[in-house]
Number of protein chains: 2
Amino acid sequence: MTYQYDVAGLGNAIVDVIASGDDEFLRKHNIAKGVMTLIDDFRADQLYRALPEVVEIAGGSAANTMAGLASLGGKGLFVGKVKADRLGRSFAESLNTLGVRYTTAMADGGAPTACCLIVVTPDGHRSMNTYLGASREIAPDDIHKGEIAAAQVLYIEGYLWDAPEAKAAIRKAMEAARRAGRKIAFTLSDPFCVARWRDEFRELLSGLDILFANEEEAKALFETDDFDASLQALRDWSGIAALTRSEKGCVIARGGEVHVLDAVPVAQVIDTTGAGDQFAAGFLYGFTHSFDLAHCGRLGALAAAEVIAHYGARPETSLKGLAAEAGLL
Amino acid sequence: MTYQYDVAGLGNAIVDVIASGDDEFLRKHNIAKGVMTLIDDFRADQLYRALPEVVEIAGGSAANTMAGLASLGGKGLFVGKVKADRLGRSFAESLNTLGVRYTTAMADGGAPTACCLIVVTPDGHRSMNTYLGASREIAPDDIHKGEIAAAQVLYIEGYLWDAPEAKAAIRKAMEAARRAGRKIAFTLSDPFCVARWRDEFRELLSGLDILFANEEEAKALFETDDFDASLQALRDWSGIAALTRSEKGCVIARGGEVHVLDAVPVAQVIDTTGAGDQFAAGFLYGFTHSFDLAHCGRLGALAAAEVIAHYGARPETSLKGLAAEAGLL
């Protein structure tokens, strides 16, 4: 069977707005150094005005994954909400340029497009201020059943769970995928997100085919401080668990089929932002092209290695080319 | 069922003879720096005389494992050959002091007791010269079926495979263990040893219950440069594979039951000699005391962490105490 899309990614539609600034700038504008802070519209507007020369780069976890999938030659659809403002158009254009299909209707009113205002200090730290805006307003009406059914895999970002409207949209998308006999993949996104929604995420498992989690997220899901305990819990589950462990590599488990794969060496780790997003991109490309689980994991590791070797969360080098060089395609 | 011994270890009986020396000393005596060289009796005698003040410590891979087992409170028997000379008596005394039962008849004639002449240079490198002597002369007559049957597990060192007489002794011990319904464990010892005996070791697998290997040895066994490929080959095997990966921890697999366990952190790695021997000690203690596989692996990791934090291949701190502190006993 052929599909119009390999993967439909559902997630927050965010534009990263990056500026340079020193510690004095952070102090003056009350920005917590080196961490991610959620901010409201008033604060976002205030900070945005205060930032000197900025670079804008489309981001968002699942959107980054779709960008990686496209870099591998895969066909992706992204579903996420922006407003029809300057940043929203910029977000849409970035996906179109990469060849990722993006059809979600832009909001005419309401909150502005989500942005992550990032100040990079001379010491390399990134201080992030995230305003979720329009992204949280994705609603069931934004989910088109036919589009979801046209993708072999529906991939959902756990971060979305924080918005009640978004949760209803996710449920609708999952239902559409299930009815069409498609596979459903989910990423736990963040250990704090898991802590907030642990019970719901664990209930959700029975409806999933693939779970992406890094070590901390997997431990948080099962309230353990022992990686192997979370692995054993997921071996008892019916789906495929793709567990990433930074420099320790990854473990892919489908019941008794367990693969322990090494990380791809990187000369120098520059910025780990997007490692999980790109791992998912590589894995899902492999999965939707009928590769075996170990091969999927290796594609994931390769994509993650590319993105941590430079600043930013999307690939700068063709992943298709890198994968071919590595003998994986 | 209770057993007289938890484990019967079969291996080379070697005394380490350690001296300090500088690079000039190495050059003068033609000693290859930082590696292990097999030497003959003439060279052993010559070097032994040349070494300044020496420290003698009983060693040997399986004997070290029995020392670790004793340190955990386990009951061990060691089977290995020495000559009734000064080093031979010293070897026997070291095991007796630790509470490891050692009854193999000392040879009256023939080659002297095996020794490993080690020169430690001021930069911390260990240059090893191993003379196997009497150790290689272990023969079927040295195997007492009743003793083997009295141990819950027979543990065999792969290094022994190099001597034809020893191989016949191993076969006899395995036969005795099998007839008595005991478990048989084997360590691959060394990637070069695996390369020499790959086909025989792979045939041997069908008669084994537990296989210990580090990553390099496991890869050598299946002629792959990919750890996961060796893991998949061993998942298809009927026994328990205990695979150690240095700082990456270990993987324990029994078919579809796969555990991925972290290494126990060590403030400073001083000397990795004996890490595999002590891992086996911890694992076998757990196995013979009915712990689950993950628990066995954790005991192994704990014992390995103790021994790499100091010079020498046997524990200096009570492993029983450390395991109790760690909540593993």
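Concerning the interface of chain A and chain B
How big an interface is tends to be reported as the loss of accessible area on association of its parts.
For step 1, the next point in the chain: With 13 residues of chain A at the interface, the matching set in chain B holds 13 residues.
For step 2, the next point in the chain: Those elements that provide at least two residues to the side of chain A that touches chain B are α9 (227–235) and β14 (257–261) of chain A.
For step 3, the next point in the chain: At 4 residues, β14 of chain A tops the list of elements feeding residues into the side of chain A that touches chain B.
For step 4, the next point in the chain: For the side of chain A that touches chain B, a count of residues per class yields 7 nonpolar, 3 polar and 3 charged.

Remarks on the pairing of strand β9 (residues 151–157) of chain B
Residues and elements named next belong to chain B.
For step 1, the next point in the chain: Within β9, 7 of the 7 residues are buried, which leaves the element mostly enclosed by the surrounding structure.
For step 2, the next point in the chain: Direction of pairing for strand β1 (residues 5–10) relative to β9: parallel, over a ladder of 5 bridges. By the bridge assignment for β9, Val7 is matched with Val153.
For step 3, the next point in the chain: Handedness of the β-α-β unit built from β9, helix α6 (residues 164–179) and strand β10 (residues 183–187) comes out right-handed.

Quick look at the relation of the copies chain A and chain B
For step 1, the next point in the chain: The transformation that overlays chain A on chain B combines an axial shift of 0.1 Å with a rotation of 180°, and the residual RMSD is 0.1 Å. The transformation relating the two chain copies, once decomposed into turn and shift, fits a two-fold axis. Distance from the rotation axis, computed per C-alpha, reaches its smallest value in chain A at Gly256 of chain A: 1.8 Å.
For step 2, the next point in the chain: A symmetric contact is evident, with 100% of the interface residues of chain A recurring at the interface of chain B.

Quick notes on the pairing of strand β11 (residues 210–214) of chain A
Residue and element names in this part refer to chain A.
For step 1, the next point in the chain: Along β11, 5 of the 5 residues are buried, which leaves the element largely enclosed by surrounding structure.
For step 2, the next point in the chain: Residues Ile210, Phe212 and Asn214 line one face of β11 and the alternating positions Leu211 and Ala213 line the opposite face, and both faces are buried.
For step 3, the next point in the chain: With 5 bridges connecting them, β11 and strand β12 (residues 240–244) associate as parallel partners. Residue pairing for β12: Phe212 is matched across the bridge by Ala242.

Describing helix α4 (residues 86–98) of chain B
Residue pairs three or four apart in sequence face the same way in an α-helix, which turns once every 3.6 residues.
Residues and elements named next belong to chain B.
For step 1, the next point in the chain: Compared with the 18 Å implied by 1.5 Å per residue over 13 residues, the 19 Å span of α4 between its first and last C-alpha is a close match.
For step 2, the next point in the chain: Turning to α4, its buried residues number three or more, namely Leu87, Gly88, Phe91, Ala92, Leu95 and Leu98. Looking down the long axis of α4, one finds its buried residues gathered within 140° of arc, a one-sided arrangement. Of the residues in α4, the exposed ones pointing more than 90 degrees away from the buried face are Arg86, Glu93, Asn96 and Thr97.
For step 3, the next point in the chain: Where α4 is buried, its residues contact β2 (14–20), β4 (54–59), α3 (61–71), β5 (76–79), β6 (101–102) and β7 (114–120).
For step 4, the next point in the chain: Phi turns positive one or two residues past the end of α4, at Gly99, with a value near 85°.

Examining the sheet that holds β4 of chain B
Within a sheet, each strand pairs with its neighbour through backbone hydrogen bonds, oriented either parallel or antiparallel.
All names here are of chain B.
For step 1, the next point in the chain: Spatial ordering of the open sheet is given by β3-β8-β7-β2-β4, a layout of 5 strands whose pairing is mixed. Either end of the sheet is taken by a strand with one partner, and the two such strands are β3 (36–38) and β4. Geometrically, the sheet is characterised by an average inter-axis angle of 20° between neighbouring strands, direction not taken into account.
For step 2, the next point in the chain: Bridge count for β2 against β7 is 7 bridges, and the pairing is parallel. Each bridged residue has a counterpart across the sheet, and for Ser20 the counterpart in β7 is Val120.

A closer look at the environment of Val54 of chain B
Residues and elements named next belong to chain B.
For step 1, the next point in the chain: By the element assignment, Val54 lies in strand β4.
For step 2, the next point in the chain: The exposure class assigned to Val54 is partly exposed, which follows from the 15 C-beta atoms found within 10 Å.
For step 3, the next point in the chain: Separated by 164 residues in the primary sequence, Val54 and Ala218 have C-alpha atoms spaced 36 Å apart.
For step 4, the next point in the chain: In this structure Val54 touches Val17, Ile18 and Ala19, once residues within four positions along its chain are discounted.

Some points on helix α7 (residues 191–204) of chain B
All names here are of chain B.
For step 1, the next point in the chain: The terminal C-alpha atoms of α7 lie 16 Å apart, and with 14 residues this falls more than 12% below the ideal 20 Å at 1.5 Å per residue.
For step 2, the next point in the chain: Considering bend angle alone, the principal kink of α7 is centred on Trp197 and spans about 85°.
For step 3, the next point in the chain: For α7, the full list of buried residues reads Cys193, Val194 and Phe201.
For step 4, the next point in the chain: Against the buried residues of α7 lie α8 (215–221).

Criteria and cut-off values
- Residues numbered from 1 in each chain as written.
- Chains lettered and ligands numbered in written order.
- Predicted model: local features only at pLDDT ≥ 70, side-chain atom pairs only at ≥ 80, totals over all residues.
- Contact = placed C-beta atoms within 7 Å.
- Helix = DSSP H or I, 4+ residues; strand = E, 2+ residues; numbered from the N terminus.
- Nonpolar A, V, L, I, M, F, W, Y, C, P; charged D, E, K, R; others polar.
- Buried ≥ 20, exposed ≤ 12 C-beta atoms within 10 Å, placed from the backbone.
- Pairing = 2+ DSSP bridges.
- Right-handed = clockwise from strand over helix to strand, strands pointing away.
- Least-squares fit on C-alpha atoms with pLDDT ≥ 70 in both.
- Expected span 1.5 Å × (residues − 1).
- Arc of directions from axis to C-beta.
- Axes fitted to C-alpha atoms, helices over the stretch in contact; angles between N-to-C directions.
- Bend = angle between axes of the 7 residues up to and from the residue.

Fair warning: the whole summary comes from geometry, so function is off the table for now.
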